[in-house]
Amino acid sequence: MSYQEKRTSISLLSTILATAAYGVWLWQQYPDKSEYSESFFHFWGGAILIFIAVQVVFKLVFLIGFIIFTIREQDPEFTDEFDRVIEMKSTRRVYDIFMVGFVLAMIALVLKMPPDTMFIILLAFMTGGGIIGDVLQLYYYRRGV
């Protein structure tokens, strides 16, 4: 496995672990209210912001650990045009997936579904986009662009 494939695998692992840990915590904190008050929207706004912060922290910790581990192995860290093309292609797909999720979340509101449906759709597509982006990077490194 190349350095880039290992780095992408670590990123994928950190995304999955962070999402699982945060999902368990969020499930325990989920409000049991049937009405949609200001505190309900405060909860979901905070949940999404915390989710973003958790993802960033997990990725940083895992990638810093990976870099420290690879320094001992003397693996080269370089980025060429091939790496940039792969990153751009996978990032474009992540944005596409998120935008589909955003549109679906807005459709859920238009169809008068409960507001928590919109937030769950947004979180699911944010996570799914990140996971699919990492999987696509692995695929592009293995199969070529």
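For the structure, see preceding data.
In this convention, every chain numbers its residues from 1, walking through the sequence in written order. In keeping with the model being predicted, local features are shown solely for residues with a pLDDT of at least 70 and side-chain atom pairs are shown and tallied solely at 80 or more, while totals for entire chains, interfaces and linings include all residues. To get the side-chain values, take all heavy atoms of the structure and skip hydrogens and water.

Regarding the overall build of the protein
Part 1 of the argument: Numbered from the N terminus, helices here are DSSP runs of H or I no shorter than four residues, and strands are runs of E no shorter than two. In terms of helices and strands, the protein carries four helices and zero strands.
Part 2 of the argument: Overall, the protein is about 55 × 30 × 15 Å in size when its C-alpha atoms are taken along their principal axes.
Part 3 of the argument: Between buried and exposed lies partly exposed: a residue is buried under 20% and exposed over 50% of the maximum accessible area for its type, with that area taken using a 1.4 Å probe on protein chains only. Per-residue burial over the protein gives 30% buried out of 145 residues.
Part 4 of the argument: Long-range pairs, those at least 24 residues apart, make up 82% of the contacts in the protein between residues at least 6 apart in sequence.
Part 5 of the argument: All accessible areas in this document rest on Shrake-Rupley with a 1.4 Å probe, and a residue is counted as covered only by the protein chains that are shown. Taken as a whole, the protein presents about 9,300 Å² of accessible surface, with 69% of it coming from carbon and sulfur.
Part 6 of the argument: With 12 positive and 14 negative side-chain charges, the protein shows a separation of 5 Å between the mean positions of the two kinds. In what follows, a contact means two residues having at least one pair of non-hydrogen atoms within 4.5 Å. Under this rule, positive means Lys or Arg and negative means Asp or Glu; His and the chain ends count for nothing. Where a charge lies is defined by one atom per residue type: Lys uses NZ, Arg uses CZ, Asp uses CG and Glu uses CD.

So, the pattern of salt bridges
Part 1 of the argument: In the sections that follow, a salt bridge refers to a side-chain nitrogen of Lys or Arg positioned within 4 Å of a carboxyl oxygen of Asp or Glu. Applying the stated criterion across every chain yields a total of four salt bridges.
Part 2 of the argument: Two residues, Asp134 and Lys59, come together in a salt bridge whose shortest N-O distance is 3.7 Å. On the criterion of sequence distance, the pair formed by Asp134 in helix H4 (residues 115-143) and Lys59 in helix H2 (residues 38-73) is long-range, its members being 75 residues apart.
Part 3 of the argument: Here Glu81 and Arg84 are joined by a salt bridge, their closest N and O atoms 2.7 Å apart. Taken as a pair, Glu81 and Arg84 lie in helix H3 (residues 81-110) at a separation of three residues, close to a single helical turn.
Part 4 of the argument: Here Arg84 falls in the partly exposed class, since its relative accessible area comes to 40%.

Notes on the environment of Ala124
Part 1 of the argument: By the element assignment, Ala124 lies in helix H4.
Part 2 of the argument: Classification of Ala124 by relative accessible area gives partly exposed; the value is 44%.

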